Amino acid sequence: MEGASEETLASVSSLVTVFEKSRTTGAVPRVHGPEAGRQQPGCRSPTPAGPWEKPTVEEALGSGSRMVSRRYLSSLKNKLCSGAWRKSYQPGTCPGPGTQEPEEKKIVRELLETEQAYVARLHLLDQVFFQELLKEARSSKAFPEDVVRLIFSNISSIYQFHSQFFLPELQRRLDDWTTTPRIGDVIQKLAPFLKMYSEYVKNFERAIELLATWTDKSAPFQEVITRIQSSEASASLTLQHHMLEPVQRIPRYELLLKEYVQKLPGQAPDLADAQKALDMIFSAAQHSNAAITEMERLQELWEVYQRLGLEDDIVDPSNTLLREGPVLKISFRRSGPMERYLFLFNNMLLYCVPRVIQVGAHFQVRTRIDVAGMKVRELTDAEFPHSFLVSGKQRTLELRARSQEEMISWLQACQAAIDQIEKRNETFKAAVQSPEADPQEQELQSVELGLRAPQWVRDKMVTMCMRCQEPFNALTRRRHHCRACGYVVCARCSDYRAELKYDANRPNRVCLDCYTFLTGNVLPEEKEDKRRGILEKGAVAGSEQSLICSFLQLLGDKWGKSGSRGWCAIPRDDPLVLYIYAAPQDMRAHTSIPLLGYQVTAGPQADARVFQLQQSGQLYTFKAESEELKGRWVKAMERAASGWSPVESGDKDLSD
């Protein structure tokens, strides 16, 4: 057995000698023996030898460079526990002479053989590719030496460690196996040095990109690589394939050592050391995996920054991208939603607009909302399902997802980022707004007025000023938004300015109520409130203030100019009256119907969603959006017509 080991080591030494002579003389003599062309251990025939000369055009085209897939690197950390690495390393595939060896010794021999082949590849990378390219860079000045050093990173240190320390130690231990049947102590001593692979792994993708760039850019650079790749020593593999071997090596150590521990007898003297060595190898593998993960994160982050135009106030390598995707922005003025795109990082939410001409940057950043102080919650809006609210110090947005699952995913991602920020910031309040908060609460808490951007009431939700109740029109009374509370008000009610902290204390248009609260000034010319009219009852848009409320179509000529659709509600504090508004947020109804004594009947039309209110000569016809909603309205109106009161009865409400 010792003779076999010496023969194997001699074959590797002869291969190294071939490399050394090839580098100095420029030609590769044929190396005889089954190990001369060995690429991987196992029963394989030797690779045919060939001259180390520049190939013809036909040979270069026919060889077909096999490039390394970028996705291969990303999947390495997922293959740590996979048996796929071992397909060509199963013990016992090559029957040897002599008696049957113990299973653990077969694995040690396999470890040694793979290490010998690996050192030969490291020699090819460091002493052939690296040195030949350096020599060409110094002589021709066709490409910089620094490029060569960046491509090969710390491959020289890795080669020296394995050739001068790791491989000789394994060889000596196998030679003395009869007296010292153990390798755990050897691996324990040398395993900490395997963390040097992290630098190589971090640099790997950049090295592959530099290699591709300079292969196309420099003819001498390409000529050196093509000449070496066509040699017997390279086994017709590309430089990229050889450079990948150090990235794969530590996971292979872990798998071999794991099998070695499993094959050891229960009372083996090496069991404790081998298990500790396995833990150290696993730590080194995790170190490399962490480097791969960090490299992938930075690469993904850089690609996102490029899509955003590399703006100075956004580019930060410490950021982490949590989620990105398209959403619809619910407009306060337009009827339809608009296409937008969100990037959620660990510290900020970027609200972006896709560029029409995507040359360079693909998106334009409209708003940056800090996660610190941000709040998110679901909105219950029948017109815009799957909608949610993002309220930040800089801006408040009403957004709509494409599905309920996507909306929940956005809410969870944003809330997780908020929770993480709160844990890091000891001075920030621990309370987080629940997604189940009252979705109909329109007015901000007084302590927050002016401190954060309000949720604006949409224009089409009101037909009159939310302060003076005067109806809007396109000429003399136009809509404006109070920048403090978000109400839709007329010009007269919003002809005031106050400094708002969320907008860097710049003066903003506010309504009279907010102006009084924020500044403490009471205008002397303020008029006394007029007596409240019978129709001046704010629309009850939520189920908490109403027994039932929803949009109903108003059929027939009786409604006149009020329109064909109205927001109808039966308030809890006035349960015998039906109020009809032009919009859900109006402060004054355009019609009120006392329901006591009315009869509720099905309409004359064939549509099952139509119903009527009838009393004496009065007839009102309504149409619900569904038969189920019609049934609830009929039940509510019949109760009100009979004098039913929710205070007297403990029945549940019928609100939508």
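Located above this text is the structure these notes cover.
To keep things clear, this report deals only with the structure shown in the data block.

Calculation notes
Residues numbered from 1 in each chain as written. Predicted model: local features only at pLDDT ≥ 70, side-chain atom pairs only at ≥ 80, totals over all residues. Heavy atoms only, no water. Pairing = 2+ DSSP bridges. Helix = DSSP H or I, 4+ residues; strand = E, 2+ residues; numbered from the N terminus. Axes fitted to C-alpha atoms, helices over the stretch in contact; angles between N-to-C directions. Phe/Tyr/Trp six-rings, centres within 6.5 Å; stacked < 30°, edge-to-face > 60°. Buried < 20%, exposed > 50% of the residue type's maximum accessible area, 1.4 Å probe, protein only. Arc of directions from axis to C-beta. Contact = heavy atoms within 4.5 Å. Core = buried A, V, L, I, M, F, W, Y, C linked by side-chain atoms within 4.5 Å. Parallel < 35°, antiparallel > 145°, perpendicular 65-115°, else oblique. Left-handed = near helix turned anticlockwise from the far one by under 90°. Nonpolar A, V, L, I, M, F, W, Y, C, P; charged D, E, K, R; others polar.

Right, let's get into the sheet that holds strand β4 (residues 363-370). Pairing is antiparallel in the open sheet, where seven strands are placed in the order β4-β3-β2-β1-β7-β6-β5. Edge positions in the open sheet fall to β4 and β5 (375-378), since each of these has one partner strand only. Strand-to-strand twist of the sheet, defined as the mean angle between neighbouring strand axes without regard to direction, takes the value 30°. Pairing of strand β3 (residues 348-354) with β4 involves seven bridges; the strand directions are antiparallel. What sits directly across from L350, in β4, is R368.

A separate point is the packing of aromatic side chains. Tallied over the full model, the rule gives 14 aromatic pairs. Relative to F343, the ring of Y341 lies with its centre 5.0 Å away and its plane at 50°, an arrangement referred to as tilted. Each member of the pair Y341 and F343 is classed as buried. One aromatic cluster is present, built from ring pairs that chain together F161, F166, F193 and Y253.

In this section: helix α5 (residues 145-152). Within α5, burial applies to V147, V148, I151 and F152. For α5, the angular spread of the buried residues around the axis is 120°, confining them to a single face. Residue S153 follows α5 closely and has a positive phi angle near 50°.

Our focus in this paragraph is the sheet that holds strand β13 (residues 565-571). Whenever strands of a sheet pair, they do so through backbone hydrogen bonds, lying parallel or antiparallel. What the seven strands build is an open sheet, ordered β15-β14-β13-β12-β18-β17-β16; its pairing is antiparallel. The strands lining the two open edges of the sheet, one partner per strand, are β15 (591-594) and β16 (599-602). Taken over all neighbouring pairs, the strand axes of this sheet differ in orientation by 35° on average, direction set aside. Looking at chain direction, β16 and strand β17 (residues 610-615) are connected through four bridges and run antiparallel. The residue bridging V600 from the neighbouring strand is L613, located in β17. Against the sheet, helix α14 (residues 627-641) touches β12 (546-555), β13, β14 (577-581), β16, β17 and β18 (618-623), its axis set at about 115° to β12.

This paragraph deals with the nonpolar core. Nonpolar side chains in soluble globular proteins generally cluster together in the buried interior. I151, F152, I187, M243 and Y260 are the most contacted members of the largest nonpolar core, which has 67 residues in total. Within the residue set of this core, elements represented by two or more residues are α4 (103-140), α5, α6 (155-175), α7 (184-190), α8 (197-217), α9 (219-229), α10 (239-263) and α11 (271-307). Looking at this core, the element that brings in the most residues is α4, giving 15 residues. Discounting chain neighbours no more than four positions away, the residues touching M243 are L125, I151, Y200, F204, A207, I208 and L211. In this structure, C468, Y487, C490 and C514 belong to the second largest nonpolar core, which totals 26 residues.

Remark: α4 packs on α5, axes separated minimally by 9 Å, with the N-to-C direction vectors making an angle of 165°. For the element pair α4 / α5, the angle class is roughly antiparallel. Of the two possible hands of crossing, α4 and α5 adopt the one that is right-handed. Along its contact with α4, which presents L125, F129, F130, L133, L134, A137 and R138, the element α5 presents E145, V148, R149 and F152. When the residues that make up the contact of α4 with α5 are grouped by side-chain class, the tally is eight nonpolar, no polar and three charged.

Spatial relationships are all this shows, so hold off on functional conclusions.
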